[in-house]
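Overview (structure and organization)
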Amino acid sequence: MKYSGVITRYLEHLPLPKDVEPVTLLEGNTPLIEADNLRRELKAPCKIFLKFEGANPTGSFKDRGMTVAITKAVLDKAEAVICASTGNTSASAAAYAAKAGIKAFVVLPKGKIAIGKLAQALIYGAKVIEIDGNFDEALTIVREVGAKTKVVIVNSINPYRIEGQKTASFEIIENLGVAPTHHSLPVGNAGNITAYWKGYVEWKEKHGTTLPRMLGFQAEGAAPIVHNRIFEHPETVATAIRIGNPASWKQAVQARDDSGGRIEMTSDSEIIAAQRLIASTEGIFCEPASASSVAGLRKLVAESYFTGKDTVVCTLTGNGLKDPDTAARGITPPLSAKPVLADVLKLMDLN
Ligand SMILES: *Cc1c(COP(=O)(O)O)cnc(C)c1O
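All figures in this text were calculated on a predicted structure; none of them were measured in a lab.

Quick look at the sheet that holds strand β1 (residues 32-34)
With mixed pairing, 6 strands are arranged side by side in an open sheet as β1-β2-β10-β7-β8-β9. Pairing within the sheet leaves two strands with one partner each, and these edge strands are β1 and β9 (262-266). Adjacent strand axes in the sheet meet at a mean angle of 25°, parallel and antiparallel pairs treated alike. Along the sheet face, helix α12 (residues 268-282) touches β1, β2 (47-52), β8 (213-219), β9 and β10 (311-316) and points at about 95° away from the line of β9.

Set out below in structure tokens:
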């Protein structure tokens, strides 16, 4: 069957008219990969699946929400959209705005955006404005622009973003045949944990299924929900979740509590170790923020939180190619040889 993107696939679950013409880059339908090598490495009793959202058209899950938000903006005759971003929202907004033929403005924290994401926003043709401030300050400005002008906000405070992102839950249930017992994912602005939970709950209401426990992971230096206080100066190597005052804070706490789940934190070194482990055991290169889902899983395994009956899905939210600098730092560099067979063989060290 021809795949036409998440709007066409799940239109009956979305608040869009039946005859809508989607602005789509054929996002969604991403791989759900069973991670047996990782399971062995972590000595986890449960099954582990990785939902690789880095396989989306702009390399992150943001595309699921953006197709719906931009389609709605076009329906409403918007001429321009705006977002604050830690990187991936701006890349996605810029791409879908280009496809729709409308303008995109993005407001970014200067010096805190992974190079690949910045390059994306620029080449897709967005007007990029950097501020000497953090994501939370950028979002405050964007909210004011939204209130004072006709420019449409496409951050996850736009409910159409959440609507699109919930389709990842539908795909997981359809792939597994049932909902997993646990769902682990990174938490930044907390839109995605809100969206996944909404998706699982709605699928249950429509088609009947069990519900997973939601496991959210913040970075230690940006853990407002864990500590129940705003972080004025959030810091983490995982720039996609470098957020001190999440817009969907309340909804994330609700998802945690309604599902009987947890929201905890992982350190930067745990995040980087998990990123390398996912790559070297499963052949999947995700970005640092994404790896917090596995770093968190690893901590809970150490607490004997899971049993052999459990199935855990970890969302790998974005593609590691977006942030090559972080990946290259501290990793073993290539070996050097003269351009002769003997030298290369010596370095290969086959015996
Ligand atoms: C946006 C993003 C997150 C955080 O998602 P929220 O919905 O803000 O909680 C995590 N990882 C990546 C790669 C992202 O782009």
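Things to note about the environment of P324
Here P324 shows up in helix α14 (residues 324-328). Along the primary structure P324 and A114 are separated by 210 residues, whereas in three dimensions their C-alpha atoms are 8.2 Å apart.

Details of the pairing of strand β3 (residues 80-84)
The side chains of a regular strand alternate, first on one face of the sheet and then on the other. Of all the 5 residues making up β3, 5 are buried; the element is thus mostly covered by neighbouring parts of the structure. The side-chain alternation of β3 yields two buried faces, one formed by A80, I82 and A84 and the other by V81 and C83. Sheet analysis places β3 next to strand β4 (residues 103-109), joined by 5 bridges and oriented parallel. Directly across from C83, in β4, lies its bridge partner V106. Note that β3 and strand β6 (residues 152-153) share 2 bridges and pair parallel. Looking at β6, one finds that I82 is bridged to I153.

Description of the packing of helix α4 (residues 88-100) against helix α5 (residues 115-123)
When two helices pack together, their arrangement is captured by the angle between the axes and the distance separating the axes. It is the contact of α4 with α5, at a shortest axis distance of 8 Å, that shows an interaxial angle of 25°. With respect to α5, the axis of α4 lies roughly parallel. Judged by the twist between their axes, the crossing of α4 over α5 is left-handed. Residue-level contacts link N88, S90, A91 and A94 of α4 to K117, Q120 and A121 of α5. The residue inventory of the contact of α4 with α5, partitioned by class, reads 3 nonpolar, 3 polar and 1 charged.

What counts and what doesn't
Residues numbered from 1 in each chain as written. Predicted model: local features only at pLDDT ≥ 70, side-chain atom pairs only at ≥ 80, totals over all residues. Heavy atoms only, no water. Pairing = 2+ DSSP bridges. Helix = DSSP H or I, 4+ residues; strand = E, 2+ residues; numbered from the N terminus. Axes fitted to C-alpha atoms, helices over the stretch in contact; angles between N-to-C directions. Contact = heavy atoms within 4.5 Å. Buried < 20%, exposed > 50% of the residue type's maximum accessible area, 1.4 Å probe, protein only. Parallel < 35°, antiparallel > 145°, perpendicular 65-115°, else oblique. Left-handed = near helix turned anticlockwise from the far one by under 90°. Nonpolar A, V, L, I, M, F, W, Y, C, P; charged D, E, K, R; others polar.

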